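Results of the structural survey
As a plain string of letters, each chain reads:
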Amino acid sequence: MSNDYARVPLSALELAPVGSGQSSADALRSTAAVAQRVEQLGYRRFWVAEHHNMPGVASTSPAVLIAHVAAQTSTIRVGSGGVMLPNHAPLVVAEQFAMLEALHPGRVDLGIGRAPGTDQRTALALRRTPEGLNAEDFPRELDDLLTLLERPEPAEQDGLFGAAERQDPHGPTGPTSPPSRTSGLVATPAAESSPAVWLLGSSGYSAQVAGLLGLPFAFAHHFSAKNTIPALELYRSRFRPSAVLDEPYAMVTQSVIVADTYEEAERQALPGRLVQVSLRTGRPRALPSPEEAAAHEWTDLELEILAASPGRPTIGDPASVRAELAELVATTGADELMVTTMTYGVDARLRSFDLLAKAWV
């Protein structure tokens, strides 16, 4: 088997999973331990997610967790996968990441998403007004954020999407000549460098925006597999060179669990499957242990929900996982592969990252 896939760097996405009988503090300590290990193993970047009102996830405040992880590591890039921009004022995000960049220059990634990362009730509590529950203001908020971060190439004066929208009526909708809300403002503290801004997505919308702005793009293959190829094609076809990138740069994210044997990998994967079904049936829960998951009596409805999942994790021994991920890289043309691993115990998570790194050569 050719090892052309090995040219593609590995990165890690962490949700800080909270297991049954464990505390959020336990989960956050485990997250720091995972960051330290993947740095030692040569992973390129370590991102943390933003989720709210989920008993099985402790990663609710990316900026705070990034600061902790960055202080516990020294070389790996750290960032958000991502900050859900509609939940936050652009100035707040800009100042948080300007501070992170000032503290850890050249190591900070700001991954931006436009989904809430939670249910509608929690989204309302975060945004405070019903008007904030749609994504229509996302283009202007993104424009504000990039301006505050002093992006090398400012957006066009008629807005991020004004000119592009007139050229392509099927492009993303956005305000034309929106009134500036950032005039005279600057994100402080002023860093000597800027965080690297990424757009995240699970559909074609953010792919198109990332292409138009010449930004790197990360696609959530792990929960939107059917949209991966169309979104990446859209990103590359719409890409316009910028001061940030001369050519497209796409990262694909996949759920991965590697163990010494296929049977052990399946055992470690079962708790995550149960949590996935629990979320989709409106009963979020902490991550069960493999023993608790094995004892669960699955209903027909739960099995149907699991079978209809829009993403399929990559699970198995090192050789089988390497082969499947190499095929994913070849099919998507990904420039980078980010893996997310959800296991009950941190030891199993560390073992998975270790085995994958050794196989990816």
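So, how was this worked out
- Residues numbered from 1 in each chain as written.
- Predicted model: local features only at pLDDT ≥ 70, side-chain atom pairs only at ≥ 80, totals over all residues.
- Heavy atoms only, no water.
- Helix = DSSP H or I, 4+ residues; strand = E, 2+ residues; numbered from the N terminus.
- Buried < 20%, exposed > 50% of the residue type's maximum accessible area, 1.4 Å probe, protein only.
- Contact = heavy atoms within 4.5 Å.
- Areas by Shrake-Rupley, 256 points an atom, 1.4 Å probe, with all protein chains shown as cover.
- Salt bridge = Lys/Arg side-chain N within 4 Å of Asp/Glu carboxyl O.
- Axes fitted to C-alpha atoms, helices over the stretch in contact; angles between N-to-C directions.
- Left-handed = near helix turned anticlockwise from the far one by under 90°.
- Nonpolar A, V, L, I, M, F, W, Y, C, P; charged D, E, K, R; others polar.
- Pairing = 2+ DSSP bridges.
- Right-handed = clockwise from strand over helix to strand, strands pointing away.
- Parallel < 35°, antiparallel > 145°, perpendicular 65-115°, else oblique.
- Core = buried A, V, L, I, M, F, W, Y, C linked by side-chain atoms within 4.5 Å.
- Polar contact = N/O pair within 3.5 Å; in protein donor to acceptor, adjacent residues only side chain to side chain.
- Phe/Tyr/Trp six-rings, centres within 6.5 Å; stacked < 30°, edge-to-face > 60°.
- Expected span 1.5 Å × (residues − 1).

**A look at the overall build of the protein**
On a plain count of helices and strands, the protein comes out with 13 helices and nine strands. Expressed as a percentage of its 361 residues, the buried residues of the protein come to 51%. A separation threshold of at least 6 residues defines the contact pool for the protein, and within that pool the share at least 24 residues apart is 74%. A total accessible area of about 15900 Å² is found for the protein, and carbon and sulfur atoms account for 53% of it.

**Details of the pattern of salt bridges**
Charged atoms that come close allow side chains of opposite charge to pair. In the structure shown here, the tally under the stated rule is 15 salt bridges. Notably, a salt bridge pairs D137 with R140, separated by 3.3 Å at the nearest N-O pair. Overall, the relative accessible area of 26% leaves D137 in the partly exposed class. Here D354 ties to K358 by a salt bridge, and the two come within 3.5 Å at their closest N and O atoms. Note that D354 and K358 are positioned in helix 13 (residues 346-359) at a spacing of four residues, about one turn of the helix. For K358, a relative accessible area of 56% translates into the label exposed. Among the ionic contacts, a cluster of salt bridges with common partners joins R44, R45, R77, D109 and E336.

**Thoughts on the packing of helix 3 (residues 90-103) against helix 5 (residues 138-148)**
Axis separation between helix 3 and helix 5 bottoms out at 9 Å; the angle between their running directions is 35 degrees. In the crossing of helix 3 with helix 5, the sense of the turn from one axis to the other is right-handed. Across from P90, L91, V93 and A94 in helix 3, the residues of helix 5 making contact are E141, D144, L145 and L148. Considered class by class, the residues forming the contact of helix 3 with helix 5 number six nonpolar, no polar and two charged.

**Some details on the pairing of strand 3 (residues 77-84)**
Counted residue by residue, strand 3 has seven buried out of eight residues, so it is predominantly covered. Where strand 2 (residues 45-48) meets strand 3, four bridges bridge the pair, whose relative direction is parallel. Along strand 3, the bridge assignment pairs W47 with G79. Following the backbone out of strand 2, through helix 2 (residues 62-72) and into the adjacent parallel strand 3, one traces a crossover that is right-handed. As judged from the six bridges shared by strand 3 and strand 4 (residues 108-113), these two strands associate in the parallel manner. Counted as the bridge partner of V83 is I112 from strand 4. Between the parallel elements strand 3 and strand 4, the chain passes through helix 3 in a crossover that is right-handed.

**What to know about the packing of helix 2 against helix 3**
Contact pair helix 2 / helix 3: the axes reach a minimum separation of 10 Å and the direction vectors enclose 5 degrees. Taken together, helix 2 and helix 3 sit at an angle that is classed as roughly parallel. Residues A63, I66 and A67 of helix 2 lie in contact with helix 3, whose contacting residues are Q96, F97 and L100. Per-class residue counts for the contact of helix 2 with helix 3 are five nonpolar, one polar and no charged.

**Some details on the side chain of S30**
Residue position: S30 is located in helix 1 (residues 24-41). We classify S30 as buried; its relative accessible area is 18%. Those residues within four positions of S30 in sequence are excluded, and the remaining contacts are V346 and R349.

**Side note on the nonpolar core**
Nonpolar side chains in soluble globular proteins tend to be buried together. Within the largest apolar cluster, 78 residues are counted, with the highest numbers of intra-cluster contacts made by Y43, F46, F97, L110, L337 and L356. When near neighbours in sequence (up to four residues on either side) are disregarded, L337 contacts V8, P9, L10, S11, M251, V252, L325, L328, V329 and W360. Membership of the second largest hydrophobic core comes to five residues, among which are I257, A259, A269 and I315.

**Quick notes on the environment of S59**
Its place among the elements puts S59 in the loop between strand 2 and helix 2. Through-space distance from the C-alpha of S59 to that of L15 is 5.6 Å; in sequence the pair is 44 residues apart. Beyond its immediate chain neighbours, meaning those up to four positions away, S59 contacts E14, L15, A16, V48, A49, E50, H51 and L65. Within the structure, the side chain of S59 is placed 2.3 Å from the backbone oxygen of A49, a separation counted as a polar contact.

**A look at the packing of aromatic side chains**
Here the structure, examined in full by the defined rule, presents seven aromatic pairs. Seen in terms of ring centroids, F217 and Y235 are 5.4 Å apart; in terms of plane orientation they differ by 40 degrees. Their pairing is tilted. With F217 in strand 6 (residues 217-219) and Y235 in helix 8 (residues 228-238), this pair connects stretches of sequence that are 18 residues apart. The buried category is assigned to Y235, whose relative accessible area is 0%.

**Brief notes about helix 13**
Its 14 residues place the ends of helix 13 20 Å apart at the C-alpha level, agreeing with the 20 Å of an ideal helix rising 1.5 Å per residue. Here helix 13 lies mainly inside the structure; 10 of its 14 residues are buried. Listed in full, the buried residues belonging to helix 13 are A348, R349, L350, S352, F353, D354, L355, L356, A357 and A359. Summarising the contacts, the buried residues of helix 13 are in contact with strand 1 (10-14), helix 1, strand 7 (250-258), helix 9 (262-280), helix 12 (318-332) and strand 9 (336-340).

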